[in-house]
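Understanding the architecture of this molecule
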Amino acid sequence: MDLIYRSTRDKNETATASEAILRGLAGQGGLYVPDRIPKLEGSLTRLSKMSYQEIAYEVMKLYLTDFTEDELRYCIDSAYDEKFDTPSIAELVKKDNAWYLELFHGATIAFKDMALSILPYLLTTSAKKNNISNEIVILTATSGDTGKAALAGFADVEGTSIIVFYPKDGVSPIQERQMVTQRGDNTHVIGIRGNFDDAQTGVKKMFSDPELARELDAAGYQFSSANSINIGRLVPQIVYYVYTYANLLSRGEIKEGERINFVVPTGNFGNILAAWYAKKMGLPVAKLICASNENKVLFDFFRTGCYDRNRKFILTSSPSMDILISSNLERLIYEAAGRDAEKNLAFMKQLSDQGSYTVTEEMKEAFSDFYGNYASEEETADRIRDLYEKTGYIIDTHTAVASAVYNKYLEETGDTTRTVIASTASPYKFTRSVMQAVEPSLSGQSDFELVDQLYRLSGVKIPAAIEDIRTAPVLHDTVCDKEDMCSEVKRACGIIDTIHV
Ligand SMILES: *Cc1c(COP(=O)(O)O)cnc(C)c1O
């Protein structure tokens, strides 16, 4: 029987998996959650003999129950191929007191590639299943990284096109270069004269413009979003937790049934929520250690039961975790509230009206799987340097937050459970901050000189994602005013040929 997805904000709104992927968000801002959490089939030892792609199939088939075997295998095989620079897709290496799960071997050398490389295929397959013949147009506003990961995922995927708006003077030079050199006939990258909020507001406006939707539909197009709350991004993230366990088992590092901890550097709560789903599926997991940077809303929440976004937003060296509203936490709140959409909606309303809510004592029980802590900027840099000096291994700033938090956890608990740290970005993605921690005397050098220095110190091959942008030609040079975003979208879709400025 098909697994049904329900909205966290309305008990009467349901969807099949493919419908939930197509819609992204449920009505009233709700998120789709599976009606029940499926259990892994067979023994873990059986999984330990499988490739990443085979494990992906074993996990994802339990969630995407309206996909045929052929459809799902096609999505998996199209996503997890040579785009990754290792045949094992994710690498697992032991350094110092923990294992590091390297989730950065994809096209943009960060963990978002794990889901964004398969989402385009899940979307186009879902469209086909629901008799939608329109081309899917992904519309995104980006402050840097997600835009590039989405571009790389959707580039040249038949039946899709992608339009990314970024603030022309609001992203780093490397981030801009990564985007404007993007290949693929179906990719469009447009700078706007304005800030990220302007880009975001413009995109939101277009999403909710029925007149524009009609015009696009008449021309054979419809919008969709690659947002991190789409279950098409969440489900592929469960895979690598199961893969990690299977891998440790096949190496003889653990015995079947032995529990392990995961440490996850957290922002929007998507990655660690996937680990929680893996645990609920029956994977032997002890603690889920939620690591925050100085934007420590989640640390405070796990400690007090009060989620409070009323605080100063801090810019840190781990920018992908600079978040005050962790959207995916809503799925856990919904579970903790006994899957009561009305109760959840009341909390979310408090969050949007007052910026905070407090869960009941009874609900706190549901969070006992989690341990939360945070690392300051100084602790993060210290951890990068210490680990390098001890082992020669260089981690990025986000991973370093997790590693520093793990050391705090060890000090507090003395827990000897085997532990895996999710390594969410290559150090080459955040070269300047990483080199600042390891070798501060070099801070006068240019970004690319620092890349060469990082290579000299780590001996890790410079990834194609970095080499490419040194030499790749600029393929996108459109810049527009925020008032003209809609015309640019129509032009990208071929609805109008020229715009009058
Ligand atoms: C997005 C991101 C995170 C945070 O992941 P969430 O799923 O949002 O919690 C951590 N590290 C890196 C490098 C990221 O890009």
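Residues numbered from 1 in each chain as written. Predicted model: local features only at pLDDT ≥ 70, side-chain atom pairs only at ≥ 80, totals over all residues. Heavy atoms only, no water.

**Here we look at the site of the ligand**
Stated precisely, the cut-off is as follows: We call a residue near a molecule or strand when any one of its heavy atoms sits within 4 Å of it. What qualifies as a polar contact is a pair of N or O atoms within 3.5 Å, subject to a donor-acceptor requirement within protein and to the restriction that residues adjacent in sequence count only when both atoms come from side chains. For the accessible areas, the method is Shrake-Rupley and the probe is 1.4 Å, while residue cover comes only from the protein chains on display. Gly counts as polar in this scheme, as do all residues outside two lists: the nonpolar Ala, Val, Leu, Ile, Met, Phe, Trp, Tyr, Cys and Pro, and the charged Asp, Glu, Lys and Arg.
Lining the immediate environment of the ligand, one finds 14 residues, of which Lys112, Gly267, Asn268, Asn271 and Thr424 sit closest. Contacts to the ligand include asparagine 268, whose backbone N or O atom sits 2.7 Å from an oxygen atom. Between glycine 270 and the ligand, the recorded distance is 3.2 Å, taken from a backbone N or O atom to an oxygen atom. Against a free-state accessible area of 380 Å², the protein chains account for coverage of 95% of the ligand. Among the residues making up the shell around the ligand, the classes are represented as five nonpolar, eight polar and one charged.

**Some details on the side chain of threonine 419**
What counts here: Only DSSP runs of H or I with at least four residues qualify as helices, and only runs of E with at least two residues qualify as strands; both kinds are numbered from the N terminus onward. By definition, residues are in contact when any of their heavy atoms lie within 4.5 Å.
Mapped onto the secondary structure, threonine 419 falls in strand β15 (residues 419-423). A distance of 3.3 Å separates polar atoms of two side chains, one belonging to threonine 419 and the other to tyrosine 406. Filtering out sequence-adjacent residues up to four positions away, threonine 419 remains in contact with Ala98, Trp99, Asn261, Val263 and Tyr406.

**Description of the packing of helix α7 (residues 145-154) against helix α8 (residues 173-180)**
Put simply, the test is: Lines fitted to C-alpha atoms define the axes, with helix axes restricted to the stretch in contact, and inter-axis angles between N-to-C directions lie between 0 and 180 degrees. For this classification, under 35 degrees means roughly parallel, over 145 means roughly antiparallel, 65 to 115 means roughly perpendicular, and everything else is oblique. Note on convention: the crossing is left-handed when the near helix lies turned anticlockwise from the far helix by less than a right angle, right-handed when the turn is clockwise.
Put simply, α7 and α8 touch, their axes get as near as 9 Å, and they point 20° apart. Taken together, the axis directions place α7 and α8 in an arrangement best described as roughly parallel. Here the hand of the crossing between α7 and α8 comes out left-handed. Here α7 contributes Asp145, Gly147, Lys148 and Leu151 to the contact with α8, which in turn contributes Gln175, Gln178 and Met179. The residue makeup of the contact of α7 with α8, split by class, is two nonpolar, three polar and two charged.

**Regarding the sheet that holds strand β4 (residues 91-95)**
Definition in use: Any two strands with at least two DSSP bridges between them are considered paired.
Read from one edge to the other, the open sheet built from six strands follows the order β4-β5-β15-β10-β11-β14, with strand pairing classed as mixed. In this open sheet, the two edge strands, each paired with only one partner strand, are β4 and β14 (370-374). Across the sheet, the mean angle from the axis of one strand to that of its neighbour is 25°, orientation sign disregarded. Bridge analysis of strand β5 (residues 98-102) against β15 gives four bridges, and the strand direction is parallel. Each residue of the ladder has a partner; that of glutamate 102, found in β15, is serine 423. Seen against the sheet, helix α12 (residues 270-280) touches β10 (260-265), β11 (285-292), β14 and β15 and runs at an angle of roughly 170° to β11.

**Let's talk about empty space enclosed by the protein**
Put simply, the rule reads: Definitions used for this entry: grid spacing 1 Å over protein atoms alone; cavity, a set of points where a 1.4 Å probe fits but cannot get out; pocket, an open set with protein on both sides within 12 Å along at least 5 of 7 lines; lining residue, one with an atom within 4 Å of a point. Grid points are joined across faces, edges and corners, and a volume is the space filled by probe spheres set on the points.
Considering all chains together, one arrives at three cavities of 30 Å³ or more under this definition. Each pocket or cavity is described by its volume, and for the largest cavity that value is around 60 Å³. As for the largest cavity, its lining consists of Lys83, Phe84, Gly106, Ala107, Asp113, Leu116, Ser117, Ala149, Ala152 and Gly153. When contributions to the lining of the largest cavity are tallied by element, the ones reaching two or more residues are α5 (112-116) and α7. Per element, the largest residue contribution to the lining of the largest cavity is three residues, and it comes from α7. Looking at side-chain class alone, the lining of the largest cavity contains five nonpolar, three polar and two charged residues. Of the volumes computed, that of the second largest cavity is approximately 50 Å³. Lining the second largest cavity are Thr266, Gly267, Ser292, Asn293, Asn295, Val297, Leu298, Met321, Ile323 and Ser326. Considering only residue class, the lining of the second largest cavity consists of four nonpolar, six polar and no charged.

Structural measurements only, silent on function.
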